[in-house]
Amino acid sequence: MRTANRIANLPPYLFAEIDRKAGLKRAQGIDVISLGIGDPDRPTPERIVQAMGRAIHDPANHRYPSYYGAQKYREACSAWMKRRFGVDVDPDTETLALIGSKEGIAHLFLAFVDPGDVTLVPGAGYPVYHTGGILAGGETYFMPMTEENGFLADFESTPKDVLARAKMMFLSYPNNPTSAIANEEYFDRAIAFAREHDILLVHDNAYSEIGFDGYVPPSFLERPGAKDVAIELFSCSKAYNMTGWRVAFACGNATALKALGTVKSNIDSGVFTAVQDAAIEAFAGPQSEIDALCALYQRRRDLVMEALGKIGIEAHPPEATIYVWPKVPAGYTSASFAEHILEKANVIVPAGSAYGPSGEGYIRISLTTPDDRLAEAILRIEASL
Ligand SMILES: Cc1ncc(COP(=O)(O)O)c(C=O)c1O
């Protein structure tokens, strides 16, 4: 059997080797703690589960869903954008339901990237910004991100010949994996840049609801002119502990969303309408669980920062997201430190380099593990050093 070259061109799966080794350890009865995946450990709020319970008994929901999202779902997304950010998006032309934002990201490449086209991707970012491009026959240009520039992807230093072939650019703040946040001035520069070079800007706002110490992440679409050049992705996954439900939405530039909708209508058949009903409850119902969720992650952030400080591992305290991004101690690379932690402490952490070249020198700690396990993991790391 001969598989396509595009499969061979994909980099090795982020967690494949770590998963294999962790599996071997677990088979020997060793207690392995994973601080790897950003998958909330708390359940979906009961009001949303109840809404799903009602929706699943409605036979109208058992049929094919709308390709683009039910009218009432798109209206709920639009109303949430208005309430949460003061941003107007037309439910008919400027919102689109997604089967999780990952699906939207991957399919955007089919809508915008022809073989040989370039996508500008954060130097450390969600891996699908890169792998989605490979699957579409495109090329990735990793925009440098450094601690000195606050991990803001440096689009302005992109070489001219790369820019001439660039069709799309991803930004994502609050950022996975660095947990950096961006200010309005940076967003405005990005809009001007995208306009000047005729590039679709995709702002992935997967962590829009997770902020600490009073920080409330903004929408990119709050900035003047953003909708002319950009779409933004929002997800129920982290905001409402709904990673398993697969529901999100894109909003913003109507031309871009039409192109994405065309791709999707030829590939998938939309989000299960009962799941859309549950997501309507998520967006339209009381939002107080989000405060509790942020308080939970903030407490875990403090616990991790204090423990890291004690063992002399440097990290900037995150103001948002569910990740801490510590520097690896001298003498290690990202990969060798992640390997050391797995071997000596039986703790899984991803190497920063797995998120792109700017991730070298860091590891990522996810705060989606119960407090006692998180504390135990840090103690074990300390003992291994
Ligand atoms: C930056 C970013 N974008 C997108 C996703 C995918 O989210 P979803 O569950 O909506 O597909 C993740 C998941 O971790 C993420 O970190």
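Report follows, based on the coordinates. These numbers come from a predicted model, not from an experiment. (Residues numbered from 1 in each chain as written. Predicted model: local features only at pLDDT ≥ 70, side-chain atom pairs only at ≥ 80, totals over all residues. Heavy atoms only, no water.)

1. A look at the side chain of Ser237
Here comes step 1: As for its position among the elements, Ser237 is in helix H10 (residues 236-239).
Here comes step 2: When near neighbours in sequence (up to four residues on either side) are disregarded, Ser237 contacts Pro40, Met242, Thr243, Arg246 and Val247. (Helix = DSSP H or I, 4+ residues; strand = E, 2+ residues; numbered from the N terminus. Contact = heavy atoms within 4.5 Å.)

2. Digging into the site of the ligand
Here comes step 1: Taken together, 15 residues are adjacent to the ligand, and Asp204, Tyr207, Ser235, Ser237 and Lys238 come closest.
Here comes step 2: Here an oxygen atom of the ligand sits 2.7 Å away from a polar atom, N or O, in the side chain of Arg246.
Here comes step 3: Relative to its free-state accessible area of 400 Å², the ligand is covered by the protein chains to the extent of 92%.
Here comes step 4: Mapped by element, the contributors of at least two residues to the shell around the ligand are helix H5 (101-112) and H10.
Here comes step 5: Sort the elements by how many residues they give to the shell around the ligand and H5 lands first, with three residues. (Near = heavy atom within 4 Å. Polar contact = N/O pair within 3.5 Å; in protein donor to acceptor, adjacent residues only side chain to side chain. Areas by Shrake-Rupley, 256 points an atom, 1.4 Å probe, with all protein chains shown as cover.)

3. Observations regarding the packing of helix H14 (residues 334-345) against helix H15 (residues 371-384)
Here comes step 1: Contact geometry for H14 and H15: axes closest at 9 Å, N-to-C directions at 100°. Relative to H15, the element H14 lies roughly perpendicular. Residues His340, Ile341, Lys344 and Ala345 of H14 touch H15, and the partners they reach there are Arg380, Ile381 and Ser384.
Here comes step 2: Here the contact of H14 with H15 is built from residues that sort into three nonpolar, two polar and two charged. (Axes fitted to C-alpha atoms, helices over the stretch in contact; angles between N-to-C directions. Parallel < 35°, antiparallel > 145°, perpendicular 65-115°, else oblique. Nonpolar A, V, L, I, M, F, W, Y, C, P; charged D, E, K, R; others polar.)

4. Observations concerning the packing of aromatic side chains
Here comes step 1: Here the structure, examined in full by the defined rule, presents 23 aromatic pairs.
Here comes step 2: Taking the centre distance of 6.1 Å and the plane angle of 90° together, the rings of Trp80 and Phe249 count as edge-to-face. With Trp80 in helix H4 (residues 71-85) and Phe249 in strand E8 (residues 248-252), this residue pair connects regions lying 169 residues apart in the sequence.
Here comes step 3: For Trp80, a relative accessible area of 3% corresponds to the buried category.
Here comes step 4: Of the aromatic side chains, those joined through ring pairs into one cluster are Tyr73, Trp80, Phe85, Phe234, Tyr240, Phe249 and Phe283. (Phe/Tyr/Trp six-rings, centres within 6.5 Å; stacked < 30°, edge-to-face > 60°. Buried < 20%, exposed > 50% of the residue type's maximum accessible area, 1.4 Å probe, protein only.)

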